[in-house]
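Results of the structural survey
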Amino acid sequence: MNQLLERLQEKLQKRKQEGNFRILKPQSCLVDFSSNDYLGLARNSILQKNIENTLTQLPQPHLGATGSRLLSGTHPYVLDLEAFLAQIFQAEACLVFNSGYQLNTAILATIPQKNDIILCDELLHASLREGKHLSLAQSHYFRHSDLEDLEKKLQKAQEKPHTNIFVVVESVYSMDGDIAPLHEIIRLCKQYEAYLIVDEAHSTGIYGRQGEGYCIAQNLHQDIFARIYTFGKAIGGHGACIAGSKILIDYLINFARAFIYTTALPLHSYVHIRQAFEYIAENAYLQENLYQKITFFRTSLRNLSHTSILLKESYTPIQILKIGGNERTKLFAQKLQEAGFDVRPVLSPTVKAGQEIIRVCLHAFNAEKEIAELCQNILILAKEM
Ligand SMILES: Cc1ncc(COP(=O)(O)O)c(C=O)c1O
């Protein structure tokens, strides 16, 4: 083995010793309490038919996009879709990217410039962290949803002349399912003249009559510089879009390398996005079901407070059981999996040592019986541990 491979092997070995070596497994046939398909749209046969019917009516010269949108041109359907999304997200303009990951790296790598400062919540998704690394701007983390810490960092940033300050948060945090204190963050951003960027990945589709997300549902969107919506979670498809001013969108089309130098999505993905939003608007029961399931799950676990396992405060589909310890958390998850439930442990170093959790994702399609059985198993295990 050459020197490089030896080095790679050593790092893999370390992962194995620490108990967090990753492997790709086939999709599980356990009851789904782990996917991001909150409304079940990725498995909805009516939506699938709607997509197929729309596709057959469109002039579709190619299966794939054949190049980037700047090189191969943009299908008129995509331009219409972006106008439709701008209407839903109540923005001057929207631009679709191939994924949320690409979009998040692009916005932070492209918009903040050398003398600027980016202030990031410490629990931001990996894609925003990656974007922050790619940026020429200075960046700092503030403690998770800690307004005092954010204000301190804003004050410090404001001392630097000729600096644009960016604050980056998620509306619903992907790891813990908690909601950012956006009203207060917006107040601080106004006070310190900072530009707010909000990742709405886990709120897209599940808030608002049309699935327009948390910020619009709370009427906060006018005070946000850029909002990021992803379509691989509650929308059940793929891709993401940014909603903001026309100048912002034109700037990204001209300078965002992750948009310019990549093959666009196939037409099918764009049709999926539009059909999914139309389906959500026509089927309000999906969101209602989801929120009923969340309440049912939390009430079924009220006796957990008598054990050492903590159910974190969250009224989103992402529910967190705080277990603590890699081995203990892995064992807890493994027992639930053996009982037929697909739940996933989140171990250190992904979270701080001692803060290991089990992440339970609830869906509109989870039957009450399945949730009741899952909760019963959790309560039994919690008493045993
Ligand atoms: C908060 C957040 N932002 C962005 C992404 C990336 O989105 P995508 O899966 O479309 O690349 C994710 C995906 O897990 C996420 O949780």
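Everything below is about the structure printed above this text.
For clarity, every value in this text was computed on a predicted model and none was experimentally measured.

A word on the pairing of strand β10 (residues 318-322). Judged by how many residues are buried, β10 sits mostly within the fold: four of five residues are covered. In the sheet, strand β9 (residues 310-311) pairs with β10 via two bridges, with the strands oriented antiparallel. In the sheet register, Leu-310 faces β10, and the bridge partner there is Lys-322. With antiparallel pairing between neighbouring strands as the criterion, β9 and β10 make up a hairpin whose turn holds six residues.

This part takes up the site of the ligand. For the ligand, the set of nearby residues contains 13 residues, the closest of which are Gly-100, Tyr-101, Asp-199, His-202 and Lys-233. Backbone polar atom of Tyr-101 to an oxygen atom of the ligand: 2.9 Å apart, as the coordinates give it. Here Asp-199 contributes a side-chain N or O atom positioned 2.6 Å from a nitrogen atom of the ligand. Relative to its free-state accessible area of 390 Å², the ligand is covered by the protein chains to the extent of 81%. For the shell around the ligand, the element with the most residues is helix α5 (residues 100-110), which contributes three residues. Partitioning the shell around the ligand into residue classes produces two nonpolar, eight polar and three charged.

To continue, consider unusual backbone geometry. In this chain, Ser-348 is followed by Pro-349 through a cis amide linkage whose omega measures 15 degrees. Inspection of the secondary structure puts Pro-349 in the loop between β12 (344-346) and β13 (357-361). Positive phi, normally seen in glycine, also occurs at Glu-193, with a value near 50 degrees. Within the secondary structure, Glu-193 sits in the loop between α8 (182-191) and β6 (194-199).

Here is what the cut-offs are and how they apply
- Residues numbered from 1 in each chain as written.
- Predicted model: local features only at pLDDT ≥ 70, side-chain atom pairs only at ≥ 80, totals over all residues.
- Heavy atoms only, no water.
- Buried < 20%, exposed > 50% of the residue type's maximum accessible area, 1.4 Å probe, protein only.
- Helix = DSSP H or I, 4+ residues; strand = E, 2+ residues; numbered from the N terminus.
- Pairing = 2+ DSSP bridges.
- Near = heavy atom within 4 Å.
- Polar contact = N/O pair within 3.5 Å; in protein donor to acceptor, adjacent residues only side chain to side chain.
- Areas by Shrake-Rupley, 256 points an atom, 1.4 Å probe, with all protein chains shown as cover.
- Nonpolar A, V, L, I, M, F, W, Y, C, P; charged D, E, K, R; others polar.

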